[in-house]
Amino acid sequence: MTSLTASSLASSLIDRPADCPSDAAADRDIASARRVLRMEAEALTALADGLDGAFARALDRLAGITGRVVVSGMGKSGHVARKIAATLASTGTPAFFVHPGEASHGDLGMIARQDAVIALSNSGETHELSDIVAYTRRFDIPLIGITRRAGSSLAEQADVALVLPPAPEACPLGLAPTTSSTMMLALGDALAVALLERRGFTAADFKQFHPGGQLGRALLKVTDVMHKGEDMPLCALDTPLSTVIFEMTAKRLGCVGVVDATGALAGVITDGDLRRHLTPELWAERADSIMSPRPKTIRPKALVEEALREMNAKQITSLFVVEADRPLGVVHIHDCLRAGAA
């Protein structure tokens with residue numbers, strides 16, 4: 001009996017790593033996490049349901065300035081403020097973060113009269129924000145306060161106060177900013193997106209602020225990578241094929257676009273077309289005799305990923321970029337791959 005018990009114990013130790021919690025402990029951890037997420041989700045629902053004219057007035061203030069949006073806060077509110085400023089800046093609203101402590105030691109000079117200020121304070125009584133608040137009042141700079149207390153100093157001084165709904169912190173002690181900071185962050189996102197939509201901010205605008213990484217690559221247009229001008233292989237309808245071959249070889253794209261007298265793209269000749277028509281009489285032919293009419297083309301505003309998808313679907317290696325039947329450039333499948341569209 002003793003041997004069996006020891007064997008069972010050894011087996012259980014082998015099956016469960018030393019740092020792996022018991023099933024009961026794991027269940028408690030998951031229950032705790034779910035409680036936090038549900039509390040914060042309920043708070044966000046209350047925040048959304050409680051939005052009123054104050055949100056619209058805050059939006060009017062932010063949209064009406066000619067300067068930048070300055071976002072400030074202390075502690076956890078400061079971390080949220082940094083993120084709000086970054087989101088605003090990346091979606092077409094120039095913005096930056098100013099630390100309230102540094103503001104009291106010279107950085108107030110970073111705030112101009114054409115700017116607006118968003119100040120975050122859970123209690124609405126953050127002492128470090130007092131100099132920024134006083135500065136906005138002195139120079140009539142729009143001030144938007146985000147706080148949980150409607151009767152706080154920040155709410156009373158602000159031109160527009162966005163008051164968070166009452167909701168307990170997810171921290172079991174009720175002390176660590178959790179639910180409140182999540183609501184502030186979400187409210188900042190709501191302001192940024194509403195401003196984005198009001199200004200008609202497009203994917204093309206978004207790309208200008210996100211040129212790097214996967215996001216920038218995903219928003220590349222064919223006009224960003226196409227060959228144009230002297231690098232675009234073109235010939236006229238009556239061009240001798242000997243000249244066509246020279247043009248194709250010189251531009252190194254495996255194709256030549258054939259244009260008519262008006263400059264419209266009438267067809268395309270690929271290296272495959274040349275191979276299929278390779279006879280002793282080929283050199284006496286003209287471009288229009290072997291070109292493929294009505295070639296596959298793509299519009300200038302198309303994304304690189306769309307061009308790659310089209311080329312894969314049609315089993316071709318290049319597309320002419322055309323607007324009003326006029327060739328603007330040619331994009332090769334290698335251009336798309338180099339741009340990271342694969």
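Bear in mind that the values here come from a model prediction, so they are computed numbers and not experimental data.

Participant: Outline the overall build of the protein, listing residues and values.
Facilitator: Tallying secondary structure elements over the protein gives 16 helices and 12 strands in all. Residue burial in the protein is summarised as follows: out of 342 residues, 40% are buried. Of the contacts formed within the protein by residues at least 6 apart in sequence, a portion of 62% connects residues at least 24 apart.

Participant: Got a sec to walk through the layout of surface pockets? Specific residues and values, please.
Facilitator: The space that makes up the largest pocket amounts to roughly 320 Å³. Forming the walls of the largest pocket are 15 residues, and the residues nearest its centre are V268, T270, I316, T317 and S318. Here the second largest pocket defines a volume of roughly 150 Å³. Taken together, 13 residues make up the lining of the second largest pocket; nearest its centre are G50, L51, D52, L162 and V163. Counting residues per element, the ones that place at least two in the lining of the second largest pocket are helix 2 (23-50), helix 3 (53-64) and strand 5 (160-163). When grouped by side-chain class, the residues that make up the lining of the second largest pocket number 11 nonpolar, one polar and one charged.

Participant: Tell me about the packing of helix 4 (residues 76-90) against helix 8 (residues 179-198), and name the residues and values.
Facilitator: Two elements in contact, helix 4 and helix 8, have axes separated by 9 Å at closest approach and are oriented at 15°. In terms of axis orientation, helix 4 runs roughly parallel to helix 8. Pair helix 4 / helix 8 crosses with right-handed handedness. Counted together, S77, V80, K83, I84, T87 and L88 of helix 4 and S181, M184, L185, G188, D189, A192 and L195 of helix 8 form the full contact between these two elements.

Participant: Please set out the nonpolar core residue by residue, giving values where relevant.
Facilitator: Nonpolar side chains tend to gather and get buried jointly when the protein is soluble and globular. Of all hydrophobic cores here, the largest spans 33 residues; its most connected members are V71, L88, I118, L120 and L162. By residue number, the principal contributor to this core is helix 8, which donates seven residues. Leaving out residues up to four positions away in the same chain, I118 has contacts with L62, V69, V70, V71, S72, L88, I144, I146 and L191.

Participant: Which residues make up the UniProt feature "site: Catalytically relevant" (unreviewed entry) in the protein, and what are the values?
Facilitator: Under the UniProt annotation, "site: Catalytically relevant" (unreviewed entry) lies at K76, E128, E169 and H210. On the basis of relative accessibility, which here comes to 48%, the residue K76 falls in the partly exposed class. Residue placement: E169 occurs in the loop between strand 5 and helix 8. You can call E169 buried: its relative accessible area is 9%. Ignoring any residue separated from it by four or fewer positions in sequence, one finds E169 in contact with M39, N122, R148, G174, A176, P177, T178, T179 and S180. One polar contact links E169 to R148, side chain to side chain, over a distance of 3.1 Å.

Participant: Go over the sheet that holds strand 9 (residues 292-293), please, and point to the residues and values.
Facilitator: Ordered by their spatial adjacency, four strands build an open sheet running 6-7-8-9, and the pairing between neighbours is mixed. Because the sheet does not close on itself, it has two edges, and the strands there are strand 6 (234-236) and strand 9. With five bridges joining them, strand 7 (residues 255-259) and strand 8 (residues 265-270) adopt antiparallel strand pairing. Bridging across to strand 8, V258 finds its partner in G267.

Participant: For the packing of helix 3 against helix 8, give the residues involved together with the corresponding values.
Facilitator: Packing of helix 3 against helix 8 leaves a shortest axis separation of 10 Å and a crossing angle of 60°. By the angle between their directions, the pair helix 3 and helix 8 is classed as oblique. Of the two elements, helix 3 crosses helix 8, and the hand of that crossing is right-handed. Residues F55, A56, A58, L59, D60, L62 and A63 of helix 3 pack against L187, A190, L191, A194, L195 and R198 of helix 8.

The rules we used
Residues numbered from 1 in each chain as written. Predicted model: local features only at pLDDT ≥ 70, side-chain atom pairs only at ≥ 80, totals over all residues. Heavy atoms only, no water. Helix = DSSP H or I, 4+ residues; strand = E, 2+ residues; numbered from the N terminus. Buried < 20%, exposed > 50% of the residue type's maximum accessible area, 1.4 Å probe, protein only. Contact = heavy atoms within 4.5 Å. 1 Å grid on protein atoms, 1.4 Å probe; cavity = no way out; pocket = protein on both sides within 12 Å on 5 of 7 lines; lining within 4 Å. Points joined across faces, edges and corners; volume = space filled by probe spheres on them. Nonpolar A, V, L, I, M, F, W, Y, C, P; charged D, E, K, R; others polar. Axes fitted to C-alpha atoms, helices over the stretch in contact; angles between N-to-C directions. Parallel < 35°, antiparallel > 145°, perpendicular 65-115°, else oblique. Left-handed = near helix turned anticlockwise from the far one by under 90°. Core = buried A, V, L, I, M, F, W, Y, C linked by side-chain atoms within 4.5 Å. UniProt positions renumbered as here; feature names shortened; annotations may be inferred. Polar contact = N/O pair within 3.5 Å; in protein donor to acceptor, adjacent residues only side chain to side chain. Pairing = 2+ DSSP bridges.

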